[in-house]
Amino acid sequence: MLNTKWGFSLLGLILMLDGTWGLYFHIGETERKCFIEEIPDETNVIVHYKVQLYDPRTGGFMPSSTGIGMHVDVRDPDDSVILSRIYSSEGKISFTSHSPGEHVICMSSNSSAWFGGSQLRVHLDIQIGEHAINYGEVVQKEKLSELQLRIRQLLDQVDQITKEQNYQRFREDRFRQTSESTNSRVLWWSVTQTAVLITMGAWQMRHLRKFFEAKKLV
């Protein structure tokens, strides 16, 4: 179980839309912010980020120095580490999922000495599946025509839809197993309660019978 002090950011963070980036959040020198993404297996994920440093003189955020970076951890549904390293103040993180389910992406500052207790603003844009593909680079690399590019995009979309459907089936199967396990436990708990009640009733009847026999009432 992940530590609650990390502050999972899906609901707890103040997330604000930005014209270029998907969202941004503020992070302190000792904070660790985590995001949960449900990702199918064998899916490419690209995370674009940019770190800005708070300037108390202007009351705004300015581009951070080269010394400030982000430590990024990515864990799969089995809590195995997919990626763990320190990145610069702006860049791109990419990884491929190998098992379906909830992937946890955690970010923290690499050092507190650089900004002396000030806040950092981290812009974040997470792209999954076909959205993580740069088709401009694909066209230049593979020399595709407009029609070929469109076909390539459609094939990638179909492939991603197939992965999403497989993931939904995986979730349904897991939910079914959980439901069956819960129903089985409830059934056995009911049987156990019934057996205990019957045993207690029989014991009480036997005890009362002996009591009345001792008092010569029966």
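This one's a predicted model, so the numbers in the text were calculated from it and none came from an experiment.

> Which residues make up unusual backbone geometry, and what values go with them?
Although it is not a glycine, Glu-42 adopts a positive phi angle of roughly 55 degrees. Topologically, Glu-42 is positioned in the loop between strand S2 (32-39) and strand S3 (44-55). For Asp-79, which is not a glycine, the phi torsion comes out positive at approximately 65 degrees. Inspection of the secondary structure assignment puts Asp-79 in the loop between strand S5 (70-75) and strand S6 (81-87).

> Any chance you could break down the packing of helix H1 (residues 135-142) against helix H2 (residues 146-214) for me, citing the residues and the numbers?
The geometry of H1 relative to H2 is characterised by a closest axis approach of 11 Å and an angle of 125 degrees between their N-to-C directions. Put simply, H1 runs oblique to H2. Between H1 and H2 lies a crossing of right-handed hand. Every residue of H2 that contacts H1 at Tyr-135, Val-138, Val-139 and Glu-142 is listed here: Leu-149, Arg-152, Gln-153 and Asp-156. Considering only residue class, the contact of H1 with H2 consists of four nonpolar, one polar and three charged.

> Describe the state of the cysteines, with residues and values.
A complete count under the given rule lists one disulfide for this structure. Between Cys-34 and Cys-106 runs a disulfide, and the two sulfur atoms are separated by 2.0 Å. Taking the torsion about the sulfur-sulfur bond, which here is approximately 110 degrees, the covalent link between Cys-34 and Cys-106 counts as right-handed. Taken together, the residues Cys-34 in strand S2 and Cys-106 in strand S8 (residues 101-109) connect sequence positions 72 residues apart.

> Let's hear about the packing of aromatic side chains: which residues, and what values?
For the structure on display, the rule yields three aromatic pairs. Ring centres 5.3 Å apart and planes at 55 degrees place the aromatic pair Phe-25 and Phe-35 in the tilted group. In this pair, Phe-25 sits in strand S1 (residues 23-27) while Phe-35 sits in strand S2, placing the two residues ten residues apart along the sequence. Assigned by exposure class, Phe-25 and Phe-35 land together as buried. One residue, Arg-85, lies across the ring of Tyr-87, its end atom 4.4 Å from the ring centre.

> Before we move on, can you summarise the sheet that holds S5 with the specific residues and values?
Two modes of strand pairing occur in sheets, parallel and antiparallel, and in both the strands are linked by backbone hydrogen bonds. Read from one edge to the other, the open sheet built from four strands follows the order S2-S8-S5-S6, with strand pairing classed as antiparallel. Both outer strands of the open sheet, S2 and S6, are each paired with one neighbouring strand and no more. In this sheet, adjacent strand axes meet at a mean angle of 15 degrees when their direction is disregarded.

> Break down the nonpolar core for me, with residues and values.
Membership of the largest hydrophobic core comes to 23 residues, with the highest contact counts inside it found for Tyr-49, Met-70, Val-72 and Met-107. Of all the secondary structure elements, the ones that give two or more residues to this core are S1, S2, S3, S5, S6, strand S7 (90-96), S8 and strand S9 (120-128). Ranked by the residues each element gives to this core, the list is headed by S3, at five residues. Setting aside residues up to four positions removed in sequence, Met-107 forms contacts with Phe-25, Ile-27, Glu-31, Arg-32, Lys-33, Tyr-49, Met-70, His-71, Val-72, Val-122 and Leu-124.

> Go over a nonpolar patch on the surface with me, naming the residues and quoting the values.
Side chains of Leu-147, Ile-151 and Leu-155 sit close together on the surface and give an oily, nonpolar patch of about 320 Å² of accessible area. The topology assignment puts Leu-155 in helix H2. For Leu-155, a relative accessible area of 55% puts it in the exposed group.

> Give me the environment of Gln-127: which residues, what numbers.
Positionally, Gln-127 belongs in strand S9. The class of Gln-127 is partly exposed, set by a relative accessible area of 22%. Expressed as a C-alpha distance, the spacing of Gln-127 and Val-47, which sit 80 residues apart in the sequence, is 6.3 Å. Residue contacts for Gln-127: discarding those within four places in its chain leaves Asn-44, Val-45, Ile-46, His-48 and Ala-132. Only 3.2 Å separates the side chain of Gln-127 from the side chain of Asp-125, close enough to count as a polar contact.

> Before we move on, can you summarise the pattern of salt bridges with the specific residues and values?
Scanning all chains against the criterion turns up eight salt bridges. Arg-32 is the partner of Asp-73 in a salt bridge, and the nearest nitrogen-oxygen pair spans 2.7 Å. Taken as a pair, Asp-73 in strand S5 and Arg-32 in strand S2 lie far apart in primary sequence, 41 residues in all. Judged on exposure class, the residue Asp-73 and its partner Arg-32 are both buried. Asp-159 is the salt-bridge partner of Lys-163, the closest N and O atoms lying 3.4 Å from each other. Of the two residues, Lys-163 and Asp-159 are both situated in helix H2; the distance of four residues between them amounts to about one turn of the helix. Taking the relative accessible area as the measure of exposure, Lys-163 reaches 18% and is therefore buried. Taking relative accessible area as the criterion, Asp-159 reaches 39% and is therefore assigned partly exposed. A single network of salt bridges, built from pairs that share partners, joins Asp-173, Arg-176 and Glu-180.

About the cut-offs
Sequence order as written defines residue numbering, which begins from 1 separately in each chain. pLDDT decides what is reported in this predicted model: residues at 70 or higher carry local features, side-chain atom pairs at 80 or more are listed and counted, and totals for whole chains, interfaces and linings draw on all residues regardless. As a convention, hydrogens and water are excluded, and side-chain values are obtained from all of the structure's heavy atoms. The helix count covers DSSP runs of H or I at least four residues long, the strand count covers runs of E at least two residues long, and both are numbered beginning at the N terminus. Lines are fitted to the C-alpha atoms to define the axes, a helix being fitted only along its stretch in contact, and any angle between axes, read from their N-to-C directions, falls within 0 to 180 degrees. Roughly parallel means an angle under 35 degrees; roughly antiparallel, over 145; roughly perpendicular, 65 to 115; everything else is oblique. Crossing handedness is read from the near helix: turned anticlockwise from the far helix by less than a right angle, it gives a left-handed crossing, and turned clockwise, a right-handed one. Two residues qualify as a contact provided that any one of their heavy atoms is within 4.5 Å of a heavy atom in the partner residue. Polar here means any residue other than Ala, Val, Leu, Ile, Met, Phe, Trp, Tyr, Cys and Pro, which are nonpolar, and Asp, Glu, Lys and Arg, which are charged; Gly is therefore polar. We call a pair of cysteine sulfur atoms a disulfide whenever their separation is within 2.5 Å. Classification of ring pairs uses Phe, Tyr and Trp, with its six-membered ring standing for Trp, and accepts pairs whose centres are within 6.5 Å; under 30 degrees between planes counts as stacked, over 60 as edge-to-face, and the remaining range as tilted. Think of it in three bands: residues with accessible area under 20% of the maximum for their type are buried, residues over 50% are exposed, and the middle band is partly exposed, with areas taken using a 1.4 Å probe on protein chains only. Throughout this description, the term charge over a ring refers to an Arg CZ or Lys NZ atom that lies within 6 Å of the ring centre and within 35 degrees of the ring normal. When DSSP finds two or more bridges between a pair of strands, those strands are recorded as paired. What we call a nonpolar core is a set of buried Ala, Val, Leu, Ile, Met, Phe, Trp, Tyr and Cys residues that are connected through their side-chain atoms within 4.5 Å. Note on patches: the residues involved have over 30% relative accessible area and no salt bridge, like charges join within 9 Å, and the nonpolar side chains Val, Leu, Ile, Met, Phe, Trp and Tyr join within 5 Å. Residue burial considers only the protein chains on display, and all accessible areas are found by Shrake-Rupley using a 1.4 Å probe. Every case where a carboxyl oxygen of Asp or Glu lies within 4 Å of a side-chain nitrogen of Lys or Arg is listed as a salt bridge. Any pair of N or O atoms that falls within 3.5 Å is considered a polar contact. Within protein, one atom must be able to donate a hydrogen and the other to accept it, and sequence-neighbouring residues count only if both atoms are side-chain atoms.

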